[in-house]
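Each chain, letter by letter, is given below.
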Amino acid sequence: PSVALLMWPVTAAIGPIAAFNLTLLLAPPASAWAVFIVARRLTGQFWAALAAGPVYGFSTYELAHEISGQPNLTVTLLIPLVLYLVVRWWDGGLQRNGFIIWMTVVIALEFYTLVEAFTDLTILAVVALVIGFVVAGRDLRPKVARLAVYSAIGYVAAIVIASPYLIYALRNYPKGFTRTLPKFSLDFAGVVVPKYHLLGMKWLAPTSGHVMSPKSYLGLP
């Protein structure tokens, strides 16, 4: 709904197909732009940041979902914008209230763009804050703690904004849904064992139970 609302003038003027196609066309460069501004803020280097943008915005993931016609999966600019807000606050370019307000807006928009990405972002944010607290050193740990508190406030406010969706989803939970979960879940063996035959070792393939795709495979290295 976030992208649909943004594209509403196009939908109203020339129809949903045009708005759908325009969304797919704009999603990769918009995502690349978001990483560009983050990288430039971090490095202060224009050309390095210009190279970083397409690595994210035109990645294999992005283009694969572009070809599949999945705009909810290709609108990925909000994730690097979260990092941009963190960097702005850390450098002193964004004060507490401004950080919380903008963080609330961006996180809520991510929720209404793709719940899966919102969940992944939440998990990685917690991991990043824990690692940051550990490696920051005694002098900077209070600042990392403040960042965690301000981010948590933004998340709580975003959940309030997302409450209409959550209430509807919880009230309309599909019966029998849990029976389909194995089909879409990531099996542990599939992370280290390829689904398809590797170097002639056909006996390995049956141990990987992921039926949707071999994308779960990372390998031992």
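Use the structure listed above.
A few points on the structure. (Residues numbered from 1 in each chain as written. Predicted model: local features only at pLDDT ≥ 70, side-chain atom pairs only at ≥ 80, totals over all residues. Heavy atoms only, no water.)

## Brief notes about the overall build of the protein
Looking only at helices and strands, the protein has twelve helices and zero strands in total. Counting helices and strands in the order they occur from the N terminus, the protein gives α-α-α-α-α-α-α-α-α-α-α-α. Going through the 221 residues of the protein one by one, you find that 33% of them count as buried. Across the protein, contacts joining residues at least 24 apart in sequence account for 60% of those joining residues at least 6 apart. Surface summary for the protein: the accessible area is close to 14,300 Å², and the carbon and sulfur share equals 72%. (Helix = DSSP H or I, 4+ residues; strand = E, 2+ residues; numbered from the N terminus. Buried < 20%, exposed > 50% of the residue type's maximum accessible area, 1.4 Å probe, protein only. Contact = heavy atoms within 4.5 Å. Areas by Shrake-Rupley, 256 points an atom, 1.4 Å probe, with all protein chains shown as cover.)

## Some words on helix α4 (residues 46-57)
With twelve residues, α4 extends 17 Å between its outermost C-alpha atoms, agreeing within 8% with the 16 Å of an ideal straight helix rising 1.5 Å per residue. Among the residues of α4, Ala 49, Gly 53 and Gly 57 are the ones counted as buried. For α4, the buried positions fall inside an angular range of 55 degrees around the axis, keeping them on one side. In α4, the exposed positions that point more than 90 degrees away from the buried face belong to Trp 47 and Val 55. Buried residues in α4 make contact with α3 (16-43) and α5 (60-67). (Expected span 1.5 Å × (residues − 1). Arc of directions from axis to C-beta.)

## Examining the side chain of Ser 151
Relative to the elements of secondary structure, Ser 151 occurs in helix α10 (residues 141-171). Setting aside its immediate chain neighbours within four residues, Ser 151 contacts Phe 99 and Met 103.

## So, α3
For α3, with 28 residues, the first-to-last C-alpha span of 40 Å sits near the 40 Å given by 1.5 Å per residue. Along α3, the sharpest change in direction is near 35 degrees and occurs at Ala 27; proline Pro 28 comes one to four residues later. (Bend = angle between axes of the 7 residues up to and from the residue.)

## Points about the packing of aromatic side chains
Counting across every chain of the model gives ten aromatic pairs. With 5.5 Å between their ring centres and 85 degrees between their planes, Phe 111 and Tyr 112 make a pair best called edge-to-face. Between Phe 118 and Tyr 155, the ring centres sit 5.8 Å apart and the planes meet at 50 degrees, which makes this aromatic pair tilted. Remark: Tyr 155 occurs in helix α10 and Phe 118 occurs in helix α9 (residues 115-136); sequence separation between them is 37 residues. Here Phe 118 matches Tyr 155 in class, with each residue buried. Taking NZ or CZ as reference, Lys 143 lies 5.8 Å from the ring centre of Trp 89, over its face. Sitting above the plane of the Trp 90 ring, Lys 143 keeps its charged end 4.3 Å from the centroid. (Phe/Tyr/Trp six-rings, centres within 6.5 Å; stacked < 30°, edge-to-face > 60°. Lys NZ or Arg CZ within 6 Å of the ring centre and 35° of its normal.)

## Section: the nonpolar core
Leu 77, Leu 81, Leu 85, Phe 99, Met 103 and Ile 107 are the most contacted members of the largest nonpolar core, which totals 33 residues. Of all the elements in the fold, those that place two or more residues in this core are α3, α7 (78-90), α8 (96-113), α9 and α10. The leading source of residues in this core is α8, at eight residues. (Core = buried A, V, L, I, M, F, W, Y, C linked by side-chain atoms within 4.5 Å.)

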